[in-house]
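# Topology and contacts: notes
Each chain is listed here by its residues.
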Amino acid sequence: MRTLIAFLLGLILGGVAMLFLPDPRRDELNAEIRTQTAALQEQVRQFGQQLKNINLPTPGAGSPTPTVTPTPGQTR
């Protein structure tokens, strides 16, 4: 979650910087943001693939329900 907030904050700051910086620096930042965006898209794609391949346990396939066994010397 922190990564997403940092990314969004970076986009906002980048947008503000684009408005007030000279053209050469603006082009540098634009190229840098493109590379960061591409890297983030790749990470999201990999995360999606991991989620698709996850094996969740099915209900009822686990161990049987434990039963209470009386301890020696215990009476009802």
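Note that the structure is a prediction, hence the values are computed from the model and not measured.

## Digging into the overall build of the chain
Scanning the chain from N- to C-terminus turns up 2 helices and 0 strands. Across the 76 residues in the chain, those meeting the buried criterion constitute 4%. Counting only carbon and sulfur atoms, one obtains 62% of the accessible surface of the chain, whose full area is about 7300 Å².

## Things to note about the pattern of salt bridges
Tallied over the entire structure, the rule returns 1 salt bridge. Ionic pairing is found between Glu42 and Arg45, a salt bridge with its closest N-O pair at 2.5 Å. Separated by 3 residues within a single helix, Glu42 and Arg45 lie in helix H2 (residues 23–52), roughly one turn from each other. Judged by its relative accessible area of 46%, Arg45 falls in the partly exposed class.

## Comments concerning a nonpolar patch on the surface
Where nonpolar side chains cluster on the molecular surface, the patch consists of Met1, Leu4, Ile5, Leu8 and Leu11 and spans about 510 Å² of accessible area. Positionally, Leu8 belongs in helix H1 (residues 2–20).

## As for the environment of Gly10
Looking at the element boundaries, Gly10 is found in helix H1. Distance in space between the C-alpha atoms of Gly10 and Ile33 is 8.9 Å, their sequence separation being 23 residues.

## Observations regarding the packing of H1 against H2
Where H1 meets H2, the axes come as close as 10 Å, and the angle between the chain directions of the two elements is 160 degrees. Put simply, H1 runs roughly antiparallel to H2. Crossing geometry of H1 relative to H2 is assigned as left-handed. Across from Phe7, Leu11, Gly14, Ala17, Met18 and Leu19 in H1, the residues of H2 making contact are Arg26, Leu29, Asn30, Ile33, Thr37 and Leu40. Its residues assigned to classes, the contact of H1 with H2 shows 8 nonpolar, 3 polar and 1 charged.

How each quantity is defined
Residues numbered from 1 in each chain as written. Predicted model: local features only at pLDDT ≥ 70, side-chain atom pairs only at ≥ 80, totals over all residues. Heavy atoms only, no water. Helix = DSSP H or I, 4+ residues; strand = E, 2+ residues; numbered from the N terminus. Buried < 20%, exposed > 50% of the residue type's maximum accessible area, 1.4 Å probe, protein only. Areas by Shrake-Rupley, 256 points an atom, 1.4 Å probe, with all protein chains shown as cover. Salt bridge = Lys/Arg side-chain N within 4 Å of Asp/Glu carboxyl O. Patch = residues over 30% accessible without salt bridge, like charges linked within 9 Å, V, L, I, M, F, W, Y side chains within 5 Å. Axes fitted to C-alpha atoms, helices over the stretch in contact; angles between N-to-C directions. Parallel < 35°, antiparallel > 145°, perpendicular 65-115°, else oblique. Left-handed = near helix turned anticlockwise from the far one by under 90°. Contact = heavy atoms within 4.5 Å. Nonpolar A, V, L, I, M, F, W, Y, C, P; charged D, E, K, R; others polar.

By themselves these figures say nothing about function.
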